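Listed below are the residues making up each chain.
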Amino acid sequence: MLLEVKNLKVRVADKEILKGINLTVQPGEVHAIMGPNGSGKSTFARALSGHPGYEITEGEVRYNGKDLLDMDPDERARDGVFMAFQYPVEIPGVNNAYFLKAALNAKRKQQGLDELDAIDFMKVVKEKLEVLHIDDSMLQRSVNEGFSGGEKKRNEIFHMAVLEPALALLDETDSGLDIDALRVVSEGVNAMRSPERSFVVVTHYQRLLNYIVPDYVHVLSEGRIVRSGGKALALELEEKGYAGQAAVGARR
Amino acid sequence: MSTTTEQIEKLANTEYKYGFVTDVEQDIAPKGLNEDIVRLISSKKGEPEWLLEWRLKAFRAWLKMEEPKWQNVQYAPIDYQGTSYYAAPKEKKKLNSLDEVDPEIRATFDKLGIPIEEQKLLSNVAVDAVFDSVSVATTFRSKLAELGIIFCSFSEAVKDHPELVQQYIGSVVPHTDNYFAALNSAVFSDGSFVYIPRGVKCPMELSTYFRINAQNTGQFERTLIVADEGASVSYLEGCTAPKRDENQLHAAVVELVAHTDATIKYSTVQNWYPGDKHGTGGIYNFVTKRGICKGDRSKITWTQVETGSSVTWKYPSCILQGHDSVGEFYSVAVTNNFQQADTGTKMIHLGRNTRSTIVSKGISAGRGQNTYRGAVKIGKNARNARNYSQCDSLLIGDRCGAHTFPYLEIKNTTAKVEHEASTSKIGEDQIFYCESRGIAKEDAINMIVSGFCKEVFRELPMEFAVEAQKLLGISLEGSVG
Ligand SMILES: Nc1ncnc2c1ncn2[C@@H]1O[C@H](COP(=O)(O)OP(=O)(O)O)[C@@H](O)[C@H]1O
Ligand SMILES: [Mg+2]
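All values derive from a computational prediction rather than experimental measurement.

Engineer: Describe the overall build of chain B, and please don't skip the residues or the numbers.
Structural biologist: From N to C terminus, chain B includes 13 helices and 23 strands. In chain B, of all internal contacts separated by at least 6 residues, the share reaching a separation of at least 24 is 84%. For chain B, the exposed surface amounts to about 17800 Å²; the carbon and sulfur share of it is 49%.

In structure tokens form, the structure reads like this:
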């Protein structure tokens, strides 16, 4: 088991947002978390990656057999947890390539691998850029600074491709992408699917799931997973909308 | 960016690591200041009569002046009579190579991580090391001499090139300029002298590492750099000081003179002891730095990275007298714990088509207080003068402060002056973003701060930029919980 979330309750700014989430992810699986705006999807992703503003009040998260909640956010990342942000942050003056090299080497160091020098790093990077159809110039720009919404999302996926996580949390990666960009990004993600890598794909729309086909779909509503199913559930949601899902869950 | 995270990581020790004292026998003047002390300093240095007279004039002027109080800093009163005004290592013989340098002093440089020899070989830097007011090692002198470049200690310049010193000393910063400049003029110990002759481009960065040593000895350096017509030079000043409990006064004067078509680039990295995290100790850094673009098309650039000292009071300025002359000021000032900095620049436009650029980056953490104070003056004959100023402040935590005081005085209507200012806080979200990529918090902060300072760092020579980035890391350690 890669990830096991048990009865996770999360409080933000004195308000309980997640009210007991249970989720099990096996290596190689892709889970989609769907739900209306404000249902707590981002909160779930952020809590898993260790954002300090999200207070865990109850529950347990095991990652690779370890207590994930006991680890600092940077430790989690070096241990293979990655989050693609819904709203990537700008860091003015910090070169994207430099940033990513620091991140990759921090991870390699933890794994006991040699740190990559600039030349080897560029080799790794060039490959990934090609797969994602990203222009070289993005490397020399400051992290996310002045990027369009679509560029930011692509940059997130690019970071993921370079860091090769074991667990990738993608938070609304499709929002702000036009259909071509969506296809490219999805191809990038699909190319990374492997028996050793799992994805938790958070999305409001089912459209992304046409490209990244999930193994499981969960519906989040008001801080609880109210329904779970196979990929067909996404299509059903597309047709019927989220209305009524909470009630369905409540009845069970 | 040029520094890697590992380099910054290496510096992750919390104590001020340059806090040590070198045990070299010192020749120290008795505490106190009067005309006899001024005479003693002058005679110790074997100075000519005119210089003694100049010092005495400055001393008499100083007696009538009052310590300025307008800066946005607070510090315990300075006991001018409780300070010793002269200290010199006893062995003062001239050295031809570094091997002749006192091993104690060499060890000090090693601790500072400044392998002079390596620097000479690898980075082509001639180092004129000033140790406690007296130069102990000067290198590359002969190579420079072939080009007619003079790079020596101030004392040597007084002996060997008195006519140049007499011509230029006090010509940019008069002995009556301000309280601390007057004090310096009366008791200055030593410093550097640079003269680049007509048409010569100095082929290497000239570098001096100053170091305050001997307890209770105020440090009064005086530096004079003259670039003759069409000459150019880049000068680096770097400073570290040993740890002290008592506050130490440092009042330096730097004068730059750029003649027609000449260029002077003056870069400083200052990390004197900032005091401990409770605000005890630390250096009082009251410096007067000023350059004059005397000739047409001349250019002076000040770049400074100020991370040390408990109190900093410093305004490297440019007088743009020549037509089409250019003045630039790039500054990073960091205040952490109880450090206070009141720094900025003055750009005084006198000639036509003169241009100036000011980029100031203030970083405050802990209870640090950071003030930018800048003046742009456009004289009535300065047609088409241009100024661009940008002052950005970065706050880390919520107990620190940033203050900006831009002054403008425009007497010619053709002037174009632009001022931009911003204040931002290092965001939890920025730090978290870095962490979510596996970058540790301290490294994340260093990275964000370095990014913030980028426009200034890129003005620094390469190896200085690396040093500066390391120092930022050290200064900000523990600033975010
Ligand atoms: N930092 C925060 N401060 C206050 N409220 C927050 C914060 N983050 C999320 N919330 C609240 O938590 C709820 C869930 O938000 P979020 O997890 O972003 O939902 P989703 O990603 O599903 O749209 C919303 O009501 C939102 O207003
Ligand atoms: Mg969201």
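Engineer: I'd like a rundown of the coordination of the magnesium ion (ligand 2), residues and numbers included.
Structural biologist: Donor atoms from the polypeptide that coordinate the magnesium ion (ligand 2) comprise Ser42(A) (OG) and Gln86(A) (OE1), at 2.0 to 2.2 Å from the metal. Of this pair, Ser42(A) sits in helix α1 (residues 41-49) while Gln86(A) sits in the loop between β6 (81-84) and β7 (91-95), and the two are 44 residues apart along the sequence.

Engineer: Pulling in residues and values, what's your account of the sheet that holds strand β1 (residues 3-12) of chain A?
Structural biologist: All names here are of chain A. Within the open sheet, the four strands sit side by side as β2-β1-β4-β5. Their pairing is antiparallel. Either end of the sheet is taken by a strand with one partner, and the two such strands are β2 (15-25) and β5 (66-67). Bridge count between β1 and strand β4 (residues 54-63): eight bridges; the pairing is antiparallel. Bridge pairing in β4 places Arg 11 opposite Glu 55. Against the sheet, α1 engages β1, β2 and β4, with an angle of about 110 degrees to β1.

Engineer: Provide a residue-level description of the sheet that holds strand β12 (residues 224-229) of chain A, including the pertinent values.
Structural biologist: Residue and element names in this part refer to chain A. Ordered in space as β6-β9-β10-β3-β11-β12, the six strands form an open sheet in which the pairing is mixed. The outermost strands of the open sheet, each flanked by one partner alone, are β6 and β12. Neighbour-to-neighbour, the strand axes of the sheet open up by a mean angle of 20 degrees, direction not taken into account. Sheet analysis places strand β3 (residues 30-34) next to strand β10 (residues 198-203), joined by five bridges and oriented parallel. Opposite His 31, over in β10, you have Val 200 as the bridge partner.

Engineer: Break down the side chain of Asp171(A) for me, with residues and values.
Structural biologist: All names here are of chain A. Topologically, Asp 171 is positioned in strand β9 (residues 167-171). This buried residue, Asp 171, is left without a salt bridge; Arg 46 holds the nearest opposite charge, at 5.2 Å. A distance of 2.7 Å separates a polar atom in the side chain of Asp 171 from a polar atom in the side chain of Ser 42. Setting aside its immediate chain neighbours within four residues, Asp 171 contacts Ser 42, Ala 84, Phe 85, Gln 86 and Val 202.

Engineer: Could you give an account of the interface of chain A and chain B, naming the residues involved and the relevant values?
Structural biologist: Taken together, the 33 residues of chain A in the interface contact 24 residues of chain B. Summed over both partners, the interface of chain A with chain B comes to about 2400 Å²; 62% of that surface belongs to carbon and sulfur atoms. Linking chain A with chain B are one salt bridge. Here Arg437(B) makes a salt bridge to Glu156(A), at a shortest N to O gap of 2.6 Å. Counting across the interface, chain A meets chain B through nine residue pairs in polar contact (both at pLDDT 80 or more).

The rules behind each value
Residues numbered from 1 in each chain as written. Chains lettered and ligands numbered in written order. Predicted model: local features only at pLDDT ≥ 70, side-chain atom pairs only at ≥ 80, totals over all residues. Heavy atoms only, no water. Helix = DSSP H or I, 4+ residues; strand = E, 2+ residues; numbered from the N terminus. Contact = heavy atoms within 4.5 Å. Areas by Shrake-Rupley, 256 points an atom, 1.4 Å probe, with all protein chains shown as cover. Donors = N, O, S within 2.8 Å, 3.2 Å for Na, K, Ca; no water. Pairing = 2+ DSSP bridges. Axes fitted to C-alpha atoms, helices over the stretch in contact; angles between N-to-C directions. Buried < 20%, exposed > 50% of the residue type's maximum accessible area, 1.4 Å probe, protein only. Lys, Arg positive; Asp, Glu negative; His and termini not counted. Salt bridge = Lys/Arg side-chain N within 4 Å of Asp/Glu carboxyl O. Polar contact = N/O pair within 3.5 Å; in protein donor to acceptor, adjacent residues only side chain to side chain. Buried area = accessible area lost by both parts, 1.4 Å probe.

None of this, on its own, says anything about what the molecule does.
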